[in-house]
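Examination of the molecular architecture
The primary structure of each chain is shown beneath.
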Amino acid sequence: MLIGMSTNHVRIVEVGARDGLQNEKTLLPADVKIALIDRLSSTGLKTIEATSFVSPKWVPQLADAAEVFQGIRKLPGVSYPVLVPNEQGYERARAVGVSEIAIFTAASEAFNRKNINASIDESIERFLPVMVRAKQDGVKVRGYVSTVLGCPYQGEVPVHEVVRVARRLHEVGCYEVSLGDTIGIGTPAKARAMLKAVAQEVPMSALAVHFHDTYGQALANILACLEEGVRVVDSAVSGTGGCPYAKGATGNVASEDVVYMLHGLGMETGIDLDILVATGAWLAGQLHKETASRVTRARTAA
Ligand code: HMG
Ligand code: MG
């Protein structure tokens, strides 16, 4: 069944090893992170965010980024992007052979200040030298806009700010811009309207959606955005994570649940759900917590 007007194929960007683990209380050793990414590689996923070369003082959970990136088995045809906040992060990433990065900013000034200690415009300025070097080096760059449906500090985020920041990231050379509901408060009509507004300025084929599931709206939001034509969805196996700057915020929508919904809709992902479920159950065990994926809970119930 076709939803919206574009292709039936949806690319999942698996962000669990980065967005998930950066917010978990349990610090996993590098070899477990490497095992996680290797397992994810065997599911058929084509994009697996591996780690983050941010300041280890800000995110100690991912201080072992270089070791993890060097340790993973890189399958041909699979991308392993990493987060980079500045030139220092770019250099650390390139030193271990990274060939795709993600830069990140927000549609809310207050959130950006807490997250990367810069205003929105300063942060984009800070990325410009990274973009120049990435172009010279043939490194692909993805961009994230956070707080697209609300901010833990300023509350409402005007859609025109989301549009402005997304357009700017696309203009400076991001091949894809991921729209993040960082604290998971959006609802479907709002998500659809936001996506529609951004798609007036950035082609839909260059957009992705990134929902956290705090209020249990993520699958409904994704469905609304699929109907609008988006075909790239970020998610995290086992629904790990949270947001250090938003009380009560939970992790990304679980990849298992997204894949189950997409396959049920007759859409195709290239992902083996059984292997993904086994990976999610294994990760929950490593983190000593119950999985946040409803599909994994159902499939692994005794
Ligand atoms: P700052 O403190 O303003 O930076 O932080 P600074 O340039 O003054 O540097 C301070 C210290 O950090 C210095 O060390 C630097 O060397 C070091 P010192 O001299 O004090 O010993 N440093 C670094 N070390 C290693 N790697 C680096 C690096 N940069 C500086 N790359 C900074 C500014 C951007 C660095 C900091 O705020 C930071 O790292 N923030 C990252 C926060 C983060 O990772 N947040 C989560 C990711 S975003 C997200 O999850 C949202 C998303 O999922 C989408 C959504 O859900 O909305 C993407
Ligand atoms: Mg996120």
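This structure is a prediction, so every number in the text was calculated from the model and none was measured. (Residues numbered from 1 in each chain as written. Chains lettered and ligands numbered in written order. Predicted model: local features only at pLDDT ≥ 70, side-chain atom pairs only at ≥ 80, totals over all residues. Heavy atoms only, no water.)

Moving on to the overall build of the chain. When helices and strands are counted, the chain shows twelve helices and nine strands. Compactness check: the chain gives a C-alpha radius of gyration of 17 Å against a globular reference of 19 Å for 302 residues, within 12% of the reference. The principal-axis extents of the C-alpha atoms in the chain amount to approximately 50 × 40 × 35 Å. Counting only residues that meet the buried cut, the chain has 57% of its 302 residues in that class. Summed over all atoms, the accessible surface of the chain reaches about 12,100 Å², with 53% contributed by carbon and sulfur. Charged side chains of the chain number 30 positive and 32 negative; the gap between the two group centres comes to 1 Å. (Helix = DSSP H or I, 4+ residues; strand = E, 2+ residues; numbered from the N terminus. Rg over C-alpha atoms; globule rule 2.2 N^0.38 Å. Buried < 20%, exposed > 50% of the residue type's maximum accessible area, 1.4 Å probe, protein only. Areas by Shrake-Rupley, 256 points an atom, 1.4 Å probe, with all protein chains shown as cover. Lys, Arg positive; Asp, Glu negative; His and termini not counted. Charge placed at Lys NZ, Arg CZ, Asp CG, Glu CD.)

The next subject is the nonpolar core. Core analysis: the biggest nonpolar cluster contains 102 residues, and I101 and L179 have the highest contact counts within it. Residues within four places of I101 in sequence aside, it is in contact with V82, V84, Y90, V130, V139, K140, V141 and R142. (Core = buried A, V, L, I, M, F, W, Y, C linked by side-chain atoms within 4.5 Å. Contact = heavy atoms within 4.5 Å.)

Time to look at the site of ligand 1. Every one of the 27 residues lining ligand 1 counts as a neighbour, but Q22, K57, N117, S146 and T182 are closest to it. One nitrogen or oxygen atom from the side chain of H210 is found 3.0 Å from an oxygen atom belonging to ligand 1. When ligand 1 sits alone it has 1,100 Å² of accessible area, and the protein chains cover 74% of it. Within the residue set of the shell around ligand 1, elements represented by two or more residues are α1 (16-20), α4 (87-95), α5 (109-116) and β6 (140-146). Of the residues in the shell around ligand 1, the class split is ten nonpolar, twelve polar and five charged. (Near = heavy atom within 4 Å. Polar contact = N/O pair within 3.5 Å; in protein donor to acceptor, adjacent residues only side chain to side chain. Nonpolar A, V, L, I, M, F, W, Y, C, P; charged D, E, K, R; others polar.)

Relative to the elements of secondary structure, G180 occurs in strand β7 (residues 176-181). Sequence separation between G180 and V162 is 18 residues, and the spatial gap between their C-alpha atoms is 10.0 Å.

Attention shifts here to the coordination of the magnesium ion (ligand 2). In an ideal octahedron of six donors the angles at the metal are 90 or 180 degrees, and in an ideal tetrahedron of four donors they are 109.5 degrees. Taken together, D19 (OD), H210 (NE2) and H212 (NE2) make up the protein donors of the magnesium ion (ligand 2), found 2.0 to 2.3 Å from the metal. Along the chain, the residues donating to the magnesium ion (ligand 2) fall in the pattern D-x190-H-x1-H. (Donors = N, O, S within 2.8 Å, 3.2 Å for Na, K, Ca; no water.)

Our focus in this paragraph is the pattern of salt bridges. The tally for this structure, following the rule as stated, stands at 21 salt bridges. As a salt-bridge pair, E49 and R18 come within 2.6 Å of each other at their nearest N and O atoms. Here the residue E49 occupies a position in the loop between β2 (47-48) and β3 (51-52), and R18 occupies one in helix α1, the gap between them amounting to 31 residues. Of the two residues examined, E49 and R18, each falls in the buried class. Ionic contacts of the salt-bridge type, sharing partners, join the residues R11, R142, E176 and D234 into one network. (Salt bridge = Lys/Arg side-chain N within 4 Å of Asp/Glu carboxyl O.)

The subject of this paragraph is helix α7 (residues 159-171). In this model α7 runs 18 Å from its N-terminal to its C-terminal C-alpha over 13 residues, within 8% of the 18 Å that 1.5 Å per residue would give. Along α7, the residues that are buried comprise E161, V162, V163, V165, A166 and L169. Buried residues in α7 make contact with β5 (100-106), α6 (120-137), β6, β7 and α8 (188-199). In the stretch just after α7, G173 is the one whose phi turns positive, near 120 degrees. (Expected span 1.5 Å × (residues − 1).)

Quick look at the packing of aromatic side chains now. Per the stated rule, a full pass over the model turns up zero aromatic pairs. A cation over a ring is seen here: K140 above Y175, with NZ or CZ 4.3 Å from the ring centre. Over the aromatic face of Y144 sits the side chain of R142, whose NZ or CZ is 5.4 Å from the ring centroid. (Phe/Tyr/Trp six-rings, centres within 6.5 Å; stacked < 30°, edge-to-face > 60°. Lys NZ or Arg CZ within 6 Å of the ring centre and 35° of its normal.)

This brings us to the sheet that holds β6. Within the open sheet, the nine strands sit side by side as β2-β1-β9-β8-β7-β6-β5-β4-β3. Their pairing is parallel. Edge strands, defined here as strands with exactly one partner in the open sheet, are β2 and β3. The pairing of strand β1 (residues 11-14) with β2 spans two bridges and is parallel. Counterpart to E14 in the pairing with β2 is I48. (Pairing = 2+ DSSP bridges.)

The next subject is the packing of α5 against α6. At a closest axis distance of 9 Å, the pairing of α5 and α6 adopts a crossing angle of 50 degrees. Here α5 lies oblique to α6, going by the angle between them. Across from E109, N112, R113 and I116 in α5, the residues of α6 making contact are I120, E122, S123 and R126. The residue inventory of the contact of α5 with α6, partitioned by class, reads two nonpolar, two polar and four charged. (Axes fitted to C-alpha atoms, helices over the stretch in contact; angles between N-to-C directions. Parallel < 35°, antiparallel > 145°, perpendicular 65-115°, else oblique.)

Geometric values such as these leave the question of function open.
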